[in-house]
Amino acid sequence: NAPLPILPLQILFLNLVTDIFPALALGTGKGDPIVMKRSPRDPKEPILTRDNWVFISGYGLVITVSVLASLAISLFWLGLDNRQAVTVSFLTLAFAQLWHVFNMRDRASGFLHNEVTRNPFIWGSIALCSGLLLASVFVPELAYVLKTANPGVSGWALVFAMSLVVWVVGQVHKSVVR
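These notes cover the structure that comes with them. (Residues numbered from 1 in each chain as written. Predicted model: local features only at pLDDT ≥ 70, side-chain atom pairs only at ≥ 80, totals over all residues. Heavy atoms only, no water.)

1. So, the overall build of the protein
In step 1: Within the protein, the regular secondary structure consists of six helices and zero strands.
In step 2: Reading the helices (α) and strands (β) of the protein from amino to carboxyl end gives α-α-α-α-α-α.
In step 3: Each principal axis of the C-alpha distribution contributes one length, and for the protein these read about 55 × 30 × 30 Å.
In step 4: Relative to its full complement of 178 residues, the protein shows a buried share of 39%. (Helix = DSSP H or I, 4+ residues; strand = E, 2+ residues; numbered from the N terminus. Buried < 20%, exposed > 50% of the residue type's maximum accessible area, 1.4 Å probe, protein only.)

2. Looking at the packing of aromatic side chains
In step 1: Under the defined criterion, the tally for this structure stands at four aromatic pairs.
In step 2: For the ring pair Phe13 and Phe90, a centre distance of 6.2 Å and an interplane angle of 50° mean the geometry is tilted. Here Phe13 is found in helix α1 (residues 8–28), whereas its partner Phe90 is found in helix α3 (residues 82–100), with 77 residues between them in sequence. (Phe/Tyr/Trp six-rings, centres within 6.5 Å; stacked < 30°, edge-to-face > 60°.)

3. Comments concerning the side chain of Ser74
In step 1: Considering the arrangement of structural elements, one finds Ser74 in helix α2 (residues 50–77).
In step 2: Leave out the neighbours within four places in its chain, and Ser74 touches Gly79, Leu80, Ala85, Val88 and Leu158. (Contact = heavy atoms within 4.5 Å.)

4. Considerations on the nonpolar core
Grouped burial of nonpolar side chains is what soluble globular proteins tend to show.
In step 1: Counting 31 residues, the largest nonpolar core has Leu91, Phe95, Leu98, Phe102, Ile122, Ile126 and Leu133 as its most contacted members.
In step 2: For this core, the secondary-structure elements that each account for two or more residues are α1, α2, α3, α4 (120–138) and α6 (152–177).
In step 3: The biggest single contributor to this core is α3, with nine residues.
In step 4: Dropping the residues within four chain positions of it, Leu98 is found in contact with Thr18, Pro22, Ile126, Cys129, Ser130 and Leu133. (Core = buried A, V, L, I, M, F, W, Y, C linked by side-chain atoms within 4.5 Å.)

5. As for the environment of Thr148
In step 1: Tracing the chain through its elements places Thr148 in the loop between α5 (140–146) and α6.
In step 2: You can call Thr148 buried: its relative accessible area is 4%.
In step 3: Expressed as a C-alpha distance, the spacing of Thr148 and Ala85, which sit 63 residues apart in the sequence, is 9.1 Å.
In step 4: The contact partners of Thr148, leaving out residues within four places of it in the chain, are Gln10, Arg83, Thr87, Phe90, Ser136, Val137 and Ala143.
In step 5: Within the structure, Thr148 has its side chain in polar contact with the backbone oxygen of Ser136 (distance 2.4 Å). (Polar contact = N/O pair within 3.5 Å; in protein donor to acceptor, adjacent residues only side chain to side chain.)

Structural data, given as structure tokens:
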């Protein structure tokens, strides 16, 4: 039997760590000055349009597939034990959410130089969240509570690769839609 990809306390930890700090950092950004030059949207248009829902669902699907694939690869290809494999899927989701913040740039903005990458609070939140995620594995008391285990070099490489999938898909999408 395969384990749950993410445990309940891990979900709560992710909600506190990977949601709050990047969202606050995005909120402190100056934004793109071009926004005020655009014509206003139709007041009858919903805040979230059908296209928005498609994008949200698409990103959710990509994240889900990435996390489940990292769990399967951990168990069946890398031969990690259940605790290490769950740690890989937990970290894949966490870092995928962190990298996804870079998909929040305006479609018309540059790939490397945009309102998100110029925001120093984004970089600070990424560093803070990364440190907290490392602590969730390497601080014994926190690892015990969250039931994480060091997945080893191959597990960390898998976390890095699978968590970047969301960012790559987002950037390709922005380039194609532009």
